[in-house]
Amino acid sequence: MESESGQVSSWLQAFGAALARNDIRAVANFFGYDCYWRDLLAFTWTIKTFEGPEEITAMLAATLNSTQPSGWALAGKPTLNDGLTEAWLTFETNVGRGVGHLRLRGGRCWTLLTTLQELKGFEELEGRTRPAGVEQGGIKERKSWLDRREQEEAELGVTRQPYCVIIGGGQGGIALAARLKRLGVPTLVIEKNERAGDSWRKRYRSLVLHDPVWYDHLPYLPFPDHWPVFSPKDKMGDWLEMYAKVMELNYWSSTLCTGARYDEAAGEWEVSLNYGGDRIKLYPKQLVLATGMSGFPYMPALRGADSFEGRLCHSSQFDAGSNYAGKNCVVLGSNNSAHDIAADLWEQGAESVTMIQRSSSVVCTSDALMEHAWGKLYSQAALEAGITTEIADLTVASTPFKLLPAQMKPVYETIRKRDAQLYEGLEKAGFLFDFGEDGSGIHSTYLRRGAGYYIDVGASQLIIDGFIKLKSNTTIKGINPRSVTLDDGSELPADLIVCATGYGSMNEWAAKLISPEVADTVGKCWGLGSGTRYDPGPWVGELRNMWKPTQQPGLWFHGGNLMQSRHYSLYLALQLKARMEDIPTPVYYVDPVHHKR
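The rules behind each value
Residues numbered from 1 in each chain as written. Predicted model: local features only at pLDDT ≥ 70, side-chain atom pairs only at ≥ 80, totals over all residues. Heavy atoms only, no water. 1 Å grid on protein atoms, 1.4 Å probe; cavity = no way out; pocket = protein on both sides within 12 Å on 5 of 7 lines; lining within 4 Å. Points joined across faces, edges and corners; volume = space filled by probe spheres on them. Pairing = 2+ DSSP bridges. Helix = DSSP H or I, 4+ residues; strand = E, 2+ residues; numbered from the N terminus. Phe/Tyr/Trp six-rings, centres within 6.5 Å; stacked < 30°, edge-to-face > 60°. Lys NZ or Arg CZ within 6 Å of the ring centre and 35° of its normal. Axes fitted to C-alpha atoms, helices over the stretch in contact; angles between N-to-C directions. Buried < 20%, exposed > 50% of the residue type's maximum accessible area, 1.4 Å probe, protein only. Lys, Arg positive; Asp, Glu negative; His and termini not counted. Salt bridge = Lys/Arg side-chain N within 4 Å of Asp/Glu carboxyl O. Contact = heavy atoms within 4.5 Å. Disulfide = S-S within 2.5 Å.

A.B. asks: Account for empty space enclosed by the protein, naming residues and giving values.
C.D. replies: Within this structure, the stated rule accounts for one cavity of 30 Å³ or more. Considered as a void within the structure, the largest cavity measures approximately 170 Å³ in volume.

Have a look at this one:
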């Protein structure tokens, strides 16, 4: 029997030969009927998954001549898992070098991932190619590092235009700016807060990341070994501030973007800023909205809100539970922020805390996720087994979104059994919970709607024990001067009402900063078109508008969690660099707009 290495090598050699001779019919024979090819820029200059032989052959017919792939080679030793032969591979295109992942089933390809990792002639300077940092010998009027850095800061955006402007200086904007800095793309980050990291510092006092540290590294600079597993918000804020400084990012804080307009004739943006009271205009070729998925608060219209004598705020404006000791508090919502805020209020001595749950939420303990989901790729054990952050990210990327629910259902079935006592307690307390519409849990729910779940770090037990009171399957009908009236007719005393009601689509920022017409031109951001609640079809197979070309030239969206900001910032940076260097970037496909705001 042929070894796994021999099988993959034979497949790669024949596959590469068929591509080289442009024999698309022969290439199709290397795939099974049920097959997927996910491409991150390498062939398509976009992020796109092709499902089935017909979509794959159509893509190759349109891209093969311009891509000219070659040099397919096995990287490392293949593995055999549940009847699948899995292997990492490397390859080249006419403009870059790539990394891929292959799964063979019955000798034919089931899933193929191809990713562009660097551009030929524009590689990042690192390792043996890192700059010397000093010029040897006597040089009159020598400029020090500080001289050069201060000159860059004084010029960019003043006497020299940036090629790219990033609106939003949180983790997403900072990660992308770091990638662009390494690629030599003149970039300005525009942040309304006073300091980098303030988007974390200004959140509620008890906020701690629910994702583990191995999942949350930024590009180039991983957290140190002593960093806690779950990062407190202020510690994360300080890290982002340090990161922006060390990575030498051109970061304009206390700067408000007041508008942007695209000049089609010039092929550039006019970006209007309020910079320390001064009105400034920038003219970049590329504009990136890195305002975050959690950046445009959704505040419901509540009857009687003007009459309320207490405090009414969105969860993004909530500060600390210590300010409400002895007060009656109502939290509208039942996802991560709602639980965190309700727990903080109880811990800090609120007289009463009531969570109003309008609809069911996915609940899963942090420990269970570490044990059965994150931990396999993002943990100390995974790291010690040789699974680096890069390997983990590419492994996640290698699974087409269409296949993810089927993979996750057994994981959540195991979790439900593992934490049966918790779920029994929640059920008795009247808390509405589920594991996603199809049982695929938090992972699918996050991709479909970016909300609708709670990663339990303790608040669930407070609900079970009655310390956090619960009103489920209802909502606020009206607000009175010192109380709220619910749909079920009950009335709750209230000195504080926190609306943990989530955030709007990122294209709401396009509507605010550019125009409603542009927002509708690019359409809804996020979601896969799964046809589930808040993720209407048709199926598109990739996150809408994220990290790839949109229907509006020169406009890009960058966001997601820390892992996504880290991983996908590479591909967005490569697209921007290629355009700056006039490298041909024939985009195979831009999703049509099915849903606006």
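A.B. asks: Quick rundown of the pairing of strand β3 (residues 70-81)? Include the residues and the values.
C.D. replies: When β3 meets strand β4 (residues 84-92), the two strands line up antiparallel, connected through seven bridges. Bridge pairing links Ala75 to Trp88 in β4. Where β3 folds back onto β4 in an antiparallel hairpin, the turn is made up of two residues, including Asp82, whose phi is positive at roughly 50°.

A.B. asks: Explain the packing of aromatic side chains residue by residue, including any values.
C.D. replies: According to the stated counting rule, one finds 31 aromatic pairs in the structure shown. An aromatic cluster is defined as three or more aromatic residues linked by ring pairs; in this entry it consists of Trp11, Phe15, Phe30, Phe31, Trp37, Phe43, Trp72 and Phe91. Just above the ring of Tyr220 sits the side chain of Arg182; from NZ or CZ to the centre is 4.2 Å. A cation over a ring is seen here: Lys235 above Trp227, with NZ or CZ 4.5 Å from the ring centre.

A.B. asks: Lay out the environment of Tyr503 in plain terms, naming residues and giving numbers.
C.D. replies: Tracing the backbone shows Tyr503 in the loop between β24 (496-499) and α16 (507-513). Residues Tyr503 and Pro297 lie 206 residues apart in sequence; the distance between their C-alpha atoms is 4.4 Å.

A.B. asks: Got a sec to walk through the sheet that holds strand β23 (residues 491-493)? Specific residues and values, please.
C.D. replies: Taken together, the three strands give an open sheet; going across it, the order is β21-β22-β23, and neighbouring strands pair in antiparallel fashion. Of all the strands in the sheet, just β21 (476-480) and β23 have a single pairing partner and so form its edges. Strand after strand, the sheet turns through a mean of 20° between neighbouring axes, direction not considered. As judged from the three bridges shared by strand β22 (residues 483-486) and β23, these two strands associate in the antiparallel manner. Bridge assignment links Val484 to a residue of β23, and that residue is Leu492.

A.B. asks: Before we move on, could you go through unusual backbone geometry and cite the residues and values that matter?
C.D. replies: Note that the residue after Gly537, namely Pro538, is joined by a cis bond; omega there is 5°. Take Pro538: it is sitting in the loop between α17 (516-522) and β25 (555-557). At Glu248, a residue that is not glycine, the phi angle is positive and equals roughly 60°. On the secondary structure map, Glu248 appears in the loop between α7 (233-246) and β9 (251-252).

A.B. asks: Could you give an account of the sheet that holds strand β10 (residues 255-263), with specific residues and numbers?
C.D. replies: Reading across the sheet, the three strands line up as β10-β11-β12 and stay open at both edges, with antiparallel pairing between neighbours. Strand pairing shows two members of the sheet lacking a second neighbour, β10 and β12 (278-282), which therefore form its edges. Recorded for the sheet is a direction-independent mean angle of 20° between the axes of neighbouring strands. In this structure, β10 lies alongside strand β11 (residues 268-275), joined through eight bridges in antiparallel fashion. Residue pairing for β11: Leu256 is matched across the bridge by Asn274.

A.B. asks: Please provide a residue-by-residue account of the side chain of Arg203, values included.
C.D. replies: Looking at the secondary structure, you find Arg203 in the loop between α6 (198-201) and α7. Look at Arg203: it is buried, it has no salt bridge, and the nearest opposite charge is Asp340 at 7.4 Å. Setting aside residues no more than four positions away along its own chain, Arg203 makes contact with Lys233, Ser315, Ser316, Phe318, Asp319, Ser337 and Tyr503.

A.B. asks: Kindly report on the state of the cysteines, identifying the contributing residues and their values.
C.D. replies: Applying the stated criterion across every chain yields a total of zero disulfides. Cysteine Cys313 shares no disulfide, and the gap to the nearest cysteine sulfur, in Cys499, comes to 7.6 Å. When its relative accessible area of 0% is taken as the criterion, Cys499 is described as buried.

A.B. asks: So what about the pattern of salt bridges? Which residues, and what values?
C.D. replies: Tallied over the full model, the rule gives 34 salt bridges. The closest approach of N and O atoms between Lys281 and Glu270, which form a salt bridge, is 3.7 Å. Here Lys281, found in strand β12, pairs with Glu270, found in strand β11; they are eleven residues apart in sequence, far enough to count as distant. For Asp319, the salt bridge is made with Arg311, and the minimal N-O distance between the two is 3.6 Å. What makes Asp319 partly exposed here is its relative accessible area of 32%.

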